[in-house]
Amino acid sequence: MRGNRTIRYFSAHILKLPHLSSKEKEVLIRRLKTITLNNIGKKYGVTEGRIRQIERNALKRLKSKSYQQKLFKDKKE
């Protein structure tokens, strides 16, 4: 299980990401806190499969080279 300090650290960084929607940010944070896909889906009224897609797309966007270059460029300015 992750420590509260670790969760707070990564949650703060996720919230600062400029190119993710609020739903994507919340899904990532809730998954970080090990909340089940089913419980997150109930909050939004969608299936766990849809939550999995949102999580996967958000992570794919964060891993993409173009997104990382944008983040690096923004920090330089």
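See the structure shown above.
Note that residues are indexed from 1 along each chain, following the sequence as it is written. This being a predicted model, a pLDDT of at least 70 is required before a residue's local features are given, and a value of 80 or more before pairs of side-chain atoms are given or counted; all residues contribute to the totals for chains, interfaces and linings. Calculated side-chain values reflect all of the structure's heavy atoms, with hydrogen atoms and water omitted.

Once that is clear, we can look at the pattern of salt bridges. Criterion for a salt bridge: a side-chain nitrogen of Lys or Arg within 4 Å of a carboxyl oxygen of Asp or Glu. All chains considered together, the criterion is met by 4 salt bridges. Note that Glu24 and Arg61 form a salt bridge whose closest N and O atoms lie 3.2 Å from each other. Taken together, the positions of Glu24 in helix H2 (residues 22-32) and Arg61 in helix H4 (residues 48-63) put the pair 37 residues apart, joining distant regions of the chain. Here Glu26 makes a salt bridge to Arg30, at a shortest N to O gap of 2.9 Å. Of this pair, Glu26 and Arg30 both sit in helix H2, 4 residues apart, roughly one helical turn. The exposure class of Glu26 is partly exposed, given its relative accessible area of 26%. Per the convention used, a helix needs a DSSP run of H or I reaching at least four residues, while a strand needs a run of E reaching at least two, with both numbered from the N terminus. Three labels apply to residues, based on accessible area from a 1.4 Å probe with only protein chains included: buried if under 20% of the type maximum, exposed if over 50%, partly exposed otherwise in between.

Now for helix H3 (residues 37-44). An α-helical turn contains 3.6 residues, so a residue and the one three or four places further along point in the same direction. Within H3, the full set of buried residues consists of Leu37, Ile40 and Gly41. Summarising the axial view, the buried residues of H3 lie within an arc of 100°, below the 170-degree limit, and thus occupy one face. Here, two residues are considered to be in contact whenever any of their heavy atoms come within 4.5 Å of each other. Against the buried residues of H3 lie H2 and H4. Two residues or fewer after H3 comes Gly45, characterised by a positive phi angle close to 75°. What the arc measures is the spread of directions leading from the helix axis to the C-beta atoms.

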